[in-house]
Amino acid sequence: MIRDTSQQDTVLTAPAGQRRRRLLLAGAAAVLLAGAAYGVLHSWRGSSHSVSMARLRIAEVGRGTLVRDAAVNGRIVAAVSPTLYAAAPATVTLKVAAGDTVKKGDVLALLESPDLSDALKREQSSYLQLEAEVARQQILARQQKLLARRDADTAEIERLSAQRTLERYNAVSNEGIIAKIEYQKAKDALNSAEIRARHAAQAAELESDNVALGLQTKRNELDRQRLSLANAQRRVDELTVRAPVDGFIGTLSVANRSVVPVHAPLMTLVDLSRLEVELEVPETYVADLGLGMHAEVDFGAGRATGKLSALSPEVVKNQVLARVRFEKEQPAGLRQNQRVSARLLIDERANTLMLARGPFVESEGGRYAYVVRDGVAVRTPVKLGATSISNVEILSGLQAGDKVVIAGTETFENAARVSLNP
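Bear in mind the structure is a predicted one, so any value in this text is a computation, not a measurement.

*Asks:* So what's going on with the sheet that holds strand S8 (residues 240-242)? Which residues, and what values?
*Replies:* Across the sheet, 4 strands lie side by side as S8-S7-S5-S10; this open sheet has antiparallel pairing. On the outer flanks of this sheet lie S8 and strand S10 (259-260), each paired with one strand and no other. Note: strand S5 (residues 90-94) against S10, 2 bridges, orientation antiparallel. Note that in S10 the partner of threonine 91 across the bridge is valine 259.

So this is what it looks like as structure tokens:
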């Protein structure tokens, strides 16, 4: 019976060269392992924090075209949205309701103001009175002109009579028929008649100018009263509130048959045929904005392009209101006060060293960034330039190809070096 093969085994001795090679390989592996361990230990010793890379967002520095833009919110508003006011203290009778569609010239409300109605009647009465006075003045002017002309004609007749008398005396003066004294009286009478005729003619001209001036004065008073009457009529006409444009009634500010003071708002009329976008722009972007700047408006159902048409000079709650007008046809389906988002295109910079934007831009004012080198995030001073919604310009501190932690650095606590665990 055979129990085992122990009696047949023979012990062999390994060659001396092969044993030496095994020892060398084992030594080299130990040296490499020790070096790697030293590097890891050195890195850990130089860093005060250790963070998992899964909690971070890392981006690479590169070159490209930086589009400076700003993301803002806004709402759709009517370009023409007049508010109608009461022209005088009155009682309001509404002829429309909120949401009604109206055409230009339609009656929207009636204002009852007894004061304006009475003022119009007084102006009408004064106008009729002055109109009668002007007619009476015309009659008096013609009458005074006739009287002045009559006196002038009478003086001229007397002058002619005296002239004929003197001519008869001249005809017989050489024959000694009349006395010399009579002849002198005839000459004196002619001179006197000529003076009276000349003065009467001048007086007639002055009287004509006087009555013409009086008539013109009355006519000026009538014209002034005509203007007052037209103004009173205009104020009464304003009591009938009419639609200045086509649109619909947005809001009613008063109730029917209520008494309102002067300049009280009555209602708002909205013209939906011309809509614009009112944007709320942060104050930090105002210095870079300019009229005519392009904008992309996202209203949910689609996008449209427009241009910046107005910019408010007033800052309210760190924001400035801006208006964007659509470049092409107005998109369909827009509603008054609909909330939208917009992207203002400020500038484009080609061949720019840039990095994806992240919370690191706001951290410490964007003066530092953590650059990833050999599994360690190193705090590096940087200088940032222009920013956009998605990218930021790098002026100094980083090179193309550097990998930077752009999000998740809030746990680093401003440490100079942070170890990153896979």
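The structure having been displayed, the exposition proceeds.
*Asks:* Could you give an account of the side chain of threonine 93, naming the residues involved and the relevant values?
*Replies:* By the secondary structure assignment, threonine 93 is in strand S5. In terms of polar contacts, threonine 93 uses its side chain to reach the side chain of arginine 257, at 2.6 Å.

*Asks:* An account of the packing of aromatic side chains is requested, with residue identities and associated values reported.
*Replies:* Applying the stated criterion across every chain yields a total of 1 aromatic pair. Plain terms: the ring middles of tyrosine 370 and phenylalanine 412 are 4.7 Å apart, the flat faces sit at 80° to each other, and that makes the pair edge-to-face. A residue pair is termed long-range when its members are at least 10 positions apart, and tyrosine 370 in strand S16 (residues 368-373) and phenylalanine 412 in the loop between strand S20 (403-407) and strand S21 (417-421) qualify at 42 residues. According to the relative accessible area criterion, tyrosine 370 is buried, its value standing at 5%. Among the residues examined, phenylalanine 412 registers a relative accessible area of 0% and is labelled buried. The side chain of arginine 379 reaches across the aromatic face of tyrosine 368, ending 3.8 Å from its centre.

*Asks:* How would you explain unusual backbone geometry if you had to name every residue and give the values?
*Replies:* With phi around 70°, asparagine 337 is a residue other than glycine that occupies positive phi space. Summarising the element assignment, asparagine 337 is placed in the loop between strand S14 (319-326) and strand S15 (339-356). A relative accessible area of 43% places asparagine 337 in the partly exposed class. Positive phi is not limited to glycine here, since asparagine 414 has a value of about 60°. Looking at where asparagine 414 falls in the secondary structure, it is placed in the loop between S20 and S21. Asparagine 414 sits in the partly exposed class, given a relative accessible area of 47%.

*Asks:* Please provide a residue-by-residue account of the nonpolar core, values included.
*Replies:* Counting residues in each nonpolar core, the largest one holds 31 residues, and the members touching the most others are Val92, Leu108, Leu111, Leu266 and Met267. Secondary structure elements with two or more residues in this core: S5, strand S7 (107-112), helix H2 (114-172), helix H3 (180-237) and strand S11 (265-282).

*Asks:* Summarise the pattern of salt bridges; cite the residues concerned and give the values.
*Replies:* Summed over all chains, the structure comprises 14 salt bridges. Here aspartate 69 ties to arginine 343 by a salt bridge, and the two come within 2.5 Å at their closest N and O atoms. Of the two residues, aspartate 69 is situated in strand S3 (residues 62-80) and arginine 343 in strand S15; the sequence distance between them amounts to 274 residues. Taking relative accessible area as the criterion, arginine 343 reaches 26% and is therefore assigned partly exposed. For aspartate 223, the salt bridge goes to arginine 226, with nearest N and O atoms at 2.6 Å. Here aspartate 223 pairs with arginine 226, and both are found in helix H3, just 3 residues apart, close to one helical turn. Through salt bridges with shared partners, one network takes in Arg75, Glu276, Glu278, Arg323 and Arg325.

*Asks:* Break down the pairing of S14 for me, citing the residues and quoting the values.
*Replies:* Side chains of S14 alternate between two faces, with Val320, Ala322, Val324 and Phe326 buried and Gln319, Leu321, Arg323 and Arg325 left unburied. Bridge count between S11 and S14: 6 bridges; the pairing is antiparallel. Residue pairing for S14: valine 281 is matched across the bridge by valine 320. Bridge count between strand S13 (residues 303-311) and S14: 5 bridges; the pairing is antiparallel. What sits directly across from glycine 306, in S14, is phenylalanine 326.

*Asks:* Describe the environment of glutamine 319, with residues and values.
*Replies:* Tracing the chain through its elements places glutamine 319 in strand S14. Setting aside chain neighbours within four positions, we find glutamine 319 in contact with Glu280, Val281, Glu283 and Glu314.

Parameters and conventions
- Residues numbered from 1 in each chain as written.
- Predicted model: local features only at pLDDT ≥ 70, side-chain atom pairs only at ≥ 80, totals over all residues.
- Heavy atoms only, no water.
- Pairing = 2+ DSSP bridges.
- Helix = DSSP H or I, 4+ residues; strand = E, 2+ residues; numbered from the N terminus.
- Polar contact = N/O pair within 3.5 Å; in protein donor to acceptor, adjacent residues only side chain to side chain.
- Phe/Tyr/Trp six-rings, centres within 6.5 Å; stacked < 30°, edge-to-face > 60°.
- Buried < 20%, exposed > 50% of the residue type's maximum accessible area, 1.4 Å probe, protein only.
- Lys NZ or Arg CZ within 6 Å of the ring centre and 35° of its normal.
- Core = buried A, V, L, I, M, F, W, Y, C linked by side-chain atoms within 4.5 Å.
- Salt bridge = Lys/Arg side-chain N within 4 Å of Asp/Glu carboxyl O.
- Contact = heavy atoms within 4.5 Å.

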